[in-house]
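Descriptive analysis of the structure
Here is what each chain is made of, one letter per residue.
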Amino acid sequence: MESTNKTAISEFLLQGLTEDPALQPLIFSLFLSMYLVTILGNLFIILAVSIDSQIHIPMYFFLCSLFFHDICLSTSIIPKMLVNIQFQDQSITYSGCLTQGALVIVFGYLENFLLAVMSYGRYVAICHPLRYRVIMNLCFCVLLVMISMSISIVVCLLHSVLVLQLSLCRATEIPHFFCELTQFIKLTCSDTLFVNILVYISSCMFGGVSISGVIFSYVHIVSSVLRMPSSEGMHKTFSSCGSHLSVISLFYGTGFGVYISSAVTDSPRKTAVSSVMYTVVPQMLNYFIYFLRNRHMKDALRKFLCSIAYAVRFFLLFDLGFSDRIMVGQCASLHSQLSSTWKRYSYNHIDFRVDFKDNFSFCLVL
């Protein structure tokens, strides 16, 4: 194949999941729905956890980091795909393709490291409960997340530098719905043996470190739990790890599944379809897994949504000019008793209490 300089190619063509025009509206609706569910669900959980001071503990800090990562990864892939389908334009610029591929690498490795960090947090909480607050302090948690992000960026820069050294061919069609590193390498006319070896070595090394951290943490957790004298305590401890284990299984299971399917099939289209399972589906399911199995997150989200509902009705009353004293809701629905942070105000003959410290909640009273 004829090669050309890297700067001579201005754009690539993303062939997407299918070329059948009849299926494009269905794919557009499906991915738009998945994207909205991912963004809104993760965002609501992040806001709910952030304003609820009762659950400001390391585990929820890591969860918010994971949910924010899910938003970023989905945003780096799905919007461009939706725009291409909507405007029937498969093109993506050269710089845009490199940027998208780099973001996928960064967030892919970041989730890998975050799961290992969360495993370590579970290990400290179960095996060293009395030292948990001391070891997993806020500064240390932030440091772990920053180190994970830094390593992910370094890996991304390494892969990007290797790819930029390759000479591209005239063929610019990528049989995928986003710019993936492996698909980008297949467009080159250069010898890619050295690049592939380095990519596999770095993937195995950094991925292996994370997996080893997860295995190390859970081996010690299982060993500690089995020494508990109470079966009820054992069950409760294992239940607290169920959500995290489910997310780990989803992430690594889909990743290995896609790798195996790409190895046994020669169809790029089938590989693209299977890639949905690790680039889109886990990000949509992660917060469902934690939300459905975690009572504290349910309570935080309930209080957050109640606060929003009360706020909307509160300002609607003012906009409509009601002057009567109206009972909109009971304060007890948000808090069992009024704390010292609740202040009483009166506006337009309407008495209300506002909590500026906890959840920014309020209620109207008679």
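- The name given to the chain in an unreviewed UniProt entry is Olfactory receptor 7G1, and the organism recorded there is Sciurus carolinensis.
- Taken directly from UniProt, the Subcellular location (unreviewed entry) text for the chain runs: "Cell membrane".
- The UniProt entry for the chain carries the following text under Function (unreviewed entry): "Possible taste receptor."

Considerations on the packing of aromatic side chains
- One pass over the structure, following the stated rule, counts eleven aromatic pairs.
- Measuring from ring centre to ring centre gives 6.0 Å for Y120 and Y123, while their planes differ by 40°; the resulting arrangement is tilted. Taken together, the residues span about one helical turn, with Y120 and Y123 both in helix α3 (residues 94-127) at a distance of three residues.
- By relative accessible area, Y123 is classed as buried at 14%.
- Judged by centre distance (6.5 Å) and plane angle (65°), the rings of Y120 and F140 are edge-to-face. Highlighted residues: Y120 in helix α3 and F140 in helix α5 (residues 138-164), separated in sequence by 20 residues.
- On the accessibility criterion, Y120 (29% relative accessible area) is partly exposed.
- A relative accessible area of 27% means that F140 is categorised as partly exposed.
- Joined through ring pairs, the aromatic side chains of Y120, Y123, F140 and F216 make up one cluster.

Conventions we followed
- Residues numbered from 1 in each chain as written.
- Predicted model: local features only at pLDDT ≥ 70, side-chain atom pairs only at ≥ 80, totals over all residues.
- Heavy atoms only, no water.
- UniProt positions renumbered as here; feature names shortened; annotations may be inferred.
- Phe/Tyr/Trp six-rings, centres within 6.5 Å; stacked < 30°, edge-to-face > 60°.
- Helix = DSSP H or I, 4+ residues; strand = E, 2+ residues; numbered from the N terminus.
- Buried < 20%, exposed > 50% of the residue type's maximum accessible area, 1.4 Å probe, protein only.

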